[in-house]
Amino acid sequence: MAMRIKEKIAEGQVSFGGWDIMNSIAAAEIMSAAGFDWVVADVEHGSASIKDVENFTRAVKMHGAIPMARVFDHSAYSIRRVLDAGVAGIIVPMISSIEEVKEIVRLAKYPPLGKRGVGLSASSVYGLELNQYLEKANEDILILAMLETKDAAERIEDILQIPGIDGIFVGPMDLSASYGCMGDTNNERIVAALEKAQSLCKKYNKICGMHVLNAEKETIENAIAKGFNFLALYHDAGFIASGAKNILRIAEHIN
């Protein structure tokens, strides 16, 4: 399923997605129906349970988008359960070492590439499509490591060369905290780290993702110009807030 994202980016296009921070199945379905390539369930900072992720996955698939999740951490418990719930891609936070990234790949891949266990879960329609799922899972599932620590930034070239890692997803706020300049995402060290990551993603033909929290035309154009090819355009709460404010401004102007 996630091969569609990889193929689109390989063709030089940018893949756009939405972000579910409210743990809202309805919002996830709406973002899928709106035409996003993918929708991410934010398990790390949200309130989603594994059952919620299963329902999220069904809602997103209903309208053709690809369900993904930012997992809680890089433990076996987080990665295996979310994949079994049916997501087709994972974004893994707080990476610091090469060995952590290698272990993430091992946890997400079936033997012989990894050590993910086989279960009759939602990912394979509870076993009804097990063989079809197992045939494609190792190649199809998208694995992105988050670039949000100084340690990861300093090891970024090695990380991108690890077999099984499809790319990175940057977290500028946490990266700034790791560098000791919390919130200053324009700090020269943060800018330099991101420019290096963007350049290396291009060199190794990897995905370079980020979250556009200020989803205006200029912001999106700037992100694409810098080399980001996997963009989360805002989030469900932001869409509701901006839409509500916009319609209220129109109504008050009429009044």
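Relevant structure appears above.
Residues numbered from 1 in each chain as written. Predicted model: local features only at pLDDT ≥ 70, side-chain atom pairs only at ≥ 80, totals over all residues. Heavy atoms only, no water.

Colleague: Sorry if this is basic, but what is going on with the packing of helix 2 (residues 25-34) against helix 3 (residues 50-62) here?
Modeller: A packed helix pair is summarised by two numbers, namely the angle formed by the two axes and the spacing between the axes. Contact geometry for helix 2 and helix 3: axes closest at 8 Å, N-to-C directions at 25°. Put simply, helix 2 runs roughly parallel to helix 3. For the crossing formed where helix 2 meets helix 3, the hand is right-handed. Packed against helix 2, whose contacting residues are I25, A28, E29 and S32, the element helix 3 presents D52, N55, F56, A59, V60 and M62 at the interface. Class assignment of the residues belonging to the contact of helix 2 with helix 3 gives a composition of six nonpolar, two polar and two charged. (Axes fitted to C-alpha atoms, helices over the stretch in contact; angles between N-to-C directions. Helix = DSSP H or I, 4+ residues; strand = E, 2+ residues; numbered from the N terminus. Parallel < 35°, antiparallel > 145°, perpendicular 65-115°, else oblique. Left-handed = near helix turned anticlockwise from the far one by under 90°. Contact = heavy atoms within 4.5 Å. Nonpolar A, V, L, I, M, F, W, Y, C, P; charged D, E, K, R; others polar.)

Colleague: Looking at this model, I keep getting lost on the pattern of salt bridges. Mind explaining?
Modeller: Opposite charge on two side chains makes pairing possible when the charged atoms of those side chains draw close. One pass over the structure, following the stated rule, counts 13 salt bridges. One salt bridge in this structure joins R70 and D42, with 2.6 Å as the shortest N-O distance. With R70 in strand 3 (residues 66-70) and D42 in strand 2 (residues 38-42), this residue pair connects regions lying 28 residues apart in the sequence. Judged on exposure class, the residue R70 and its partner D42 are both buried. K115 is paired through a salt bridge with E103; the nearest N and O atoms lie 2.8 Å apart. Here K115, found in the loop between helix 5 (98-108) and helix 6 (130-140), pairs with E103, found in helix 5; they are 12 residues apart in sequence, far enough to count as distant. Judged by relative accessible area, which is 41%, K115 ranks as partly exposed. One continuous salt-bridge network, built from bridges that share partners, spans E99, E103, R106 and K115. (Salt bridge = Lys/Arg side-chain N within 4 Å of Asp/Glu carboxyl O. Buried < 20%, exposed > 50% of the residue type's maximum accessible area, 1.4 Å probe, protein only.)

Colleague: Whenever I open this one, the nonpolar core confuses me. Can you help?
Modeller: Where a protein is soluble and globular, its nonpolar side chains tend to be buried together. Among the nonpolar cores identified, the biggest contains 59 residues, and I79, I90, L147, I168 and L231 are the most heavily contacted of them. When residues in this core are grouped by element, the largest group, six residues, is from helix 10 (residues 188-203). Ignoring anything within four residues of it in the chain, the contact list for I90 reads M68, A69, V71, I79, V82, L83, I104, A108, L142, I143 and L144. The next biggest cluster of nonpolar side chains, apart from the first, holds 17 residues, and it includes I5, L144, F169 and I207. (Core = buried A, V, L, I, M, F, W, Y, C linked by side-chain atoms within 4.5 Å.)

Colleague: Would you take a moment to explain the packing of aromatic side chains for this structure?
Modeller: How two aromatic rings sit relative to each other is set out by the distance from centre to centre and by the angle between their planes. A full pass over the atoms with the stated rule returns six aromatic pairs. Look at F36 and F239: their rings are 6.2 Å apart centre to centre, the planes differ by 25°, and that puts the pair in the stacked class. A residue pair is termed long-range when its members are at least 10 positions apart, and F36 in the loop between helix 2 and strand 2 and F239 in helix 12 (residues 236-254) qualify at 203 residues. A relative accessible area of 17% means that F36 is categorised as buried. A centroid spacing of 6.3 Å and a plane angle of 90° characterise the contact between Y110 and Y133, whose relative ring orientation is edge-to-face. Residue Y110 is found in the loop between helix 5 and helix 6, and its partner Y133 is found in helix 6; the two are separated by 23 residues along the sequence. Through pairs of rings, three or more aromatic residues link up here, namely W19, W38, F169 and F230. (Phe/Tyr/Trp six-rings, centres within 6.5 Å; stacked < 30°, edge-to-face > 60°.)

Colleague: Looking at this structure, how should I read the sheet that holds strand 6 (residues 167-170)?
Modeller: Strand order in the closed barrel formed by eight strands is 1-2-3-4-5-6-7-8, and the pairing between neighbours is parallel. Neighbour to neighbour, the strand axes of the sheet diverge by 25° on average, direction disregarded. As judged from the four bridges shared by strand 4 (residues 89-92) and strand 5 (residues 142-147), these two strands associate in the parallel manner. Bridged to G89 within strand 5 is L142. (Pairing = 2+ DSSP bridges.)

Colleague: It is not clear to me how the state of the cysteines should be interpreted in this structure. Could you clarify?
Modeller: Per the stated rule, a full pass over the model turns up zero disulfides. For C181, which is in no disulfide, the shortest distance to another cysteine sulfur is to C208 and amounts to 19 Å. Of all cysteine sulfurs, the one in C208 lies closest to C201, which takes part in no disulfide; the gap is 4.0 Å. Classification of C201 as buried rests on a relative accessible area of 2%. (Disulfide = S-S within 2.5 Å.)

Colleague: What's the story with unusual backbone geometry in this structure? I'm lost.
Modeller: Negative phi is the rule for most residues except glycine; trans is the rule for most peptide bonds. Here the residue pair P111 and P112 is connected by a cis peptide bond, since its omega of 10° sits within 30 degrees of zero. Along the chain, P112 falls in the loop between helix 5 and helix 6. The phi angle at V125 is positive, at roughly 55°, despite the residue not being glycine. By the secondary structure assignment, V125 is in the loop between helix 5 and helix 6. Owing to a relative accessible area of 33%, V125 belongs among the partly exposed residues under this scheme. In this model, N205 sits at a positive phi of 55°, which is unusual for a non-glycine residue. Mapped onto the elements, N205 comes out in the loop between helix 10 and strand 7 (207-212).

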